[in-house]
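Residues per chain, in single letters:
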Amino acid sequence: MRLPGYGYRPRIGNVMEKSVQGFEKQRLRVVIRGAVQGVGFRPFIYRLATAMALPGWVSNSAQGVFVEVEGPPEALHAFLLRLEGERPPRASIQSLESSFLAPLGLESFEIRPSDGTGERTVLILPDIATCADCLREIFDPADRRHLYPFTNCTNCGPRFSIIQSLPYDRPNTTMARFTMCEACAAEYENPADRRFHAQPNACPTCGPHVELWNAAGTPLCAHGRAMADAAQAVRDGRVLALKGLGGFHLLADARNDEAISRLRSRKHREEKPLAIMAPCLEWVQAHCEISPLERRLLLSPESPIVLLRRRHDPDKKAGAVAPSVTPGNPDLGVMLPYTPLHHILLKSLNSPVVATSGNLTDEPICTDEREAVLRLSGIADLFLVHDRPIARHVDDSVARVILGRELVLRRARGYAPLPIHVGRSLPPVLAVGAHLKSSVAISNRTEVFVSQHIGDLETAQAFDAFRRVCDDFARLYGLTPRAVACDHHPDYLSTRHAIATGLPVILVQHHHAHVLACMAENGLSAPVLGVSWDGTGYGLDRTVWGGEFLRITDTGFDRVAHLRPFPLPGGDRAVKEPRRAAVGLLYEMLGSEILTREDLEPLRSFSPQDRRLLGQALVHRINAPLTSSAGRLFDAAAAILGLRLRVRFEGQAAMELEWAAQAVATDESYPFRFAPKDGSMTLDWEPTIRSLLADVGAAAPVAVMAARFHNTLAEMIVAVAAHEGVRQIALSGGCFQNRYLTERTVRRLTQAGYSPHWHQRVPPNDGGIALGQIVAAARWKE
């Protein structure tokens, strides 16, 4: 595994040859930094050195891995080359520094105790999905770990979710309470064993175990019986709360519509799609269209939820998921089992389960079993728990494939906390993100460590989790931030938290942060034309921005163009009622006469009295803020087409507009105007909406209208690019989660001779904001 932007060249060759000239034996000291702890790097060094008959030692430190070996110059040269070429598969070397010293007369090679002092620069690995070797052991009746739910080795298992401090050694993890038995200790000490220095190593004799509890938290049974009874409960249509790697899942039979409906009702999650865990890859291939890249992503060590297109006839296939799992959605969020616990349970069931986060809506995922009983007792019928503590919550990641590349939509398990490498040294700054899809970040030299997904800061529990992550990140890396970067919105809880720290606060405009995040991930330098499209962001003019074109310079940005603003009657209510966005948009075009129209569904959905109130609010601008938001433009178009007047979850209207557009193939688009206004260029959607209304009146197919609308937005972006003449284009913001829009825009920009860039391992939504805030803060401090 290589991290994006990482690369190094070992300091060998002529320098080394000169330094060792005339000496028969030398001592080589090597300092290796990067993702080199928790991947079997010390055992690898031990085996390599002993195989080459080089005495010395290896040790973990808070900076990485330190190595010293002694031998002839040509052997030390070969050791350096083999160290890079044969490193463990999950290791990533950021830097390798070597120096040559006088020999000490070392006689053997040893693994020395770790050194936890000094600056903490080592990379902490994410949790890693179960490897093939461990999986074979789990299902081998003759193996001593047969059906053991906590099997792991140096190539897989928990990392980020169990580490409490650096360096990564068992006493610094939540496995410290479990003393290895004689057999496990022998594996741990055996250089030839793949569990040599595997910190979470355990077995049924000495390791964690599972128990099945009832809804009140009373233990019912343990070990294999607990696993069998839990599987039977799912078959019987009951909801099971399962303590996994980074928190609790809520599981239910994905084929049982009644069980899914009951789960939705208890969790207060009416229509938002639910992810499923499939029993095996063959099931996924039978029920979903899956490309080679999507297959690779499903089977990867990160093992995220992958958004896949359902096959056209899923209901005819045995074991198809219930319609209530993803109502009206042509896609299915699918993951494969990624821990032994999940593998054993799914093997027993041999059918898919819904696996959704163990929480109430807008609350963080539960990590402690007693806490789970209190918070989830009204949702789960049974609890399958274990006694290995979880150091920090880590949700499942979500990804999809766009234009042949992985696009992470929720960055958590498997990805966090690996850093984003930037091209210059940064001071230690804490960035606290935005309000929705919250994540935080902290910088250390050339690395920006982005946290796991936290969620929307809509509840006290979510805000508490946010504050814990802020403290945890600074403590884990031993960093004292010199400043805090936050969103420009004065009412965000994250902004208030930044002010409460007492540190210098750097306010970063929301859409500027979006673009800088995309630039950082793609290694771009100014000038760049940033296209930042989302639902909402606090503008420098105190209006609601969201359809922005920013020219990024070395010192800041210029807002060179934006979508034409329109009012949102009801303010925040318009986010949950796309019909209000449609009314505001139509009022901006046609004035008060629109309120008497009976031929348009958004207007018909309001009573005469409500229309009068809407009219007064729009005329007098009472709770009807102006917005240039592309997200609200999507909502308005969806409402005008009759697809969605009210939403049950964020982005639902825009998603349904995208699904409609995917049903046809057309290059047709609607007209629009692009003209200067109030000091910047304005993209006027009025000709677009008038043409859309004409199509609605002519009863054109909804799919055709949806595709034309998407195509028009892509043409708008190309028009601004042509006006600005900047070759590098960065696409960011939640609207670029839309596969149709992103693919169409990238193709059109490429055809027009521009170089478009989009997100890959950092979400385009607000989950990537913290990275951009760090970059902005560094520029400001410079």
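Just so we're clear, the structure is a prediction, and the values are computed from it rather than from any experiment.

Q: Run through the overall build of the protein chain, naming residues and quoting values.
A: Along the protein chain, the regular secondary structure elements total 24 helices and 31 strands. For 782 residues, the compact-globule formula gives about 28 Å, and the C-alpha radius of gyration of the protein chain, at 28 Å, lands near that figure. Seen along its three principal axes, the alpha-carbon backbone of the protein chain occupies a region of about 95 × 65 × 50 Å. Here the protein chain holds 782 residues, and 63% of them are scored as buried.

Q: Please provide a residue-by-residue account of the packing of helix α19 (residues 630-640) against helix α20 (residues 652-661), values included.
A: A pair of packed helices is characterised by two quantities: the angle between their axes and the separation of those axes. Orientation of α19 relative to α20, taken along the N-to-C sense of each, is 65 degrees, at an axis distance of 8 Å. Considering only the axes of α19 and α20, their crossing is left-handed. Each of Phe 634, Asp 635, Ala 637 and Ala 638 in α19 lies in contact with α20, whose residues at this interface are Ala 653, Ala 654 and Leu 657.

Q: So, the layout of surface pockets: which residues are in play, and what are the values?
A: Estimates place the volume of the second largest pocket at around 490 Å³. Forming the walls of the second largest pocket are 22 residues, and the residues nearest its centre are Leu 135, Pro 279, Leu 336, Pro 337 and His 343. Among the secondary structure elements, those contributing two or more residues to the lining of the second largest pocket are α4 (132-138), α8 (281-287), α9 (292-299) and α10 (340-349). Take the lining of the second largest pocket: its biggest share by element is three residues, from α10. Per-class residue counts for the lining of the second largest pocket are 15 nonpolar, five polar and two charged.

Q: Could you give an account of the pattern of salt bridges, with specific residues and numbers?
A: Evaluated as defined, the whole model comprises 56 salt bridges. Across the pair Arg 90 and Glu 302 runs a salt bridge, and its minimum N-O distance is 3.9 Å. Of the two residues, Arg 90 is situated in the loop between α3 (73-85) and β4 (92-101) and Glu 302 in the loop between α9 and β12 (305-310); the sequence distance between them amounts to 212 residues. Comparing Arg 90 with Glu 302, the two get one shared label, buried. Each member of the salt-bridge network shares a partner with another, and the members are Glu 137, Arg 144, Arg 145, Glu 187, Arg 194 and Arg 195.

Q: Describe a nonpolar patch on the surface, listing the residues and the values that go with them.
A: On the surface, a nonpolar cluster with roughly 250 Å² of combined accessible area is contributed by Ile 499, Val 505 and Leu 507. The class of Ile 499 is exposed, set by a relative accessible area of 54%.

Q: Could you give an account of the side chain of Arg 744, naming the residues involved and the relevant values?
A: Structurally, Arg 744 is set in helix α23 (residues 739-751). A polar contact of 3.4 Å, which involves the side chain of Arg 744, links it to the side chain of Asn 711. Other than its neighbours up to four places away in sequence, Arg 744 contacts Thr 666, Asp 667, Asn 711, Ala 714 and Glu 715.

Q: Which residues make up the sheet that holds strand β3 (residues 65-71), and what are the values?
A: Within the open sheet, the five strands sit side by side as β4-β1-β3-β2-β5. Their pairing is mixed. Sheet topology places β4 and β5 (109-111) at the edges, where each strand pairs with a single neighbour. In this sheet, adjacent strand axes meet at a mean angle of 15 degrees when their direction is disregarded. Where strand β1 (residues 26-35) lies against β3, seven bridges are found, and the strand directions are antiparallel.

Cut-offs used in this document
Residues numbered from 1 in each chain as written. Predicted model: local features only at pLDDT ≥ 70, side-chain atom pairs only at ≥ 80, totals over all residues. Heavy atoms only, no water. Helix = DSSP H or I, 4+ residues; strand = E, 2+ residues; numbered from the N terminus. Rg over C-alpha atoms; globule rule 2.2 N^0.38 Å. Buried < 20%, exposed > 50% of the residue type's maximum accessible area, 1.4 Å probe, protein only. Axes fitted to C-alpha atoms, helices over the stretch in contact; angles between N-to-C directions. Left-handed = near helix turned anticlockwise from the far one by under 90°. Contact = heavy atoms within 4.5 Å. 1 Å grid on protein atoms, 1.4 Å probe; cavity = no way out; pocket = protein on both sides within 12 Å on 5 of 7 lines; lining within 4 Å. Points joined across faces, edges and corners; volume = space filled by probe spheres on them. Nonpolar A, V, L, I, M, F, W, Y, C, P; charged D, E, K, R; others polar. Salt bridge = Lys/Arg side-chain N within 4 Å of Asp/Glu carboxyl O. Patch = residues over 30% accessible without salt bridge, like charges linked within 9 Å, V, L, I, M, F, W, Y side chains within 5 Å. Areas by Shrake-Rupley, 256 points an atom, 1.4 Å probe, with all protein chains shown as cover. Polar contact = N/O pair within 3.5 Å; in protein donor to acceptor, adjacent residues only side chain to side chain. Pairing = 2+ DSSP bridges.

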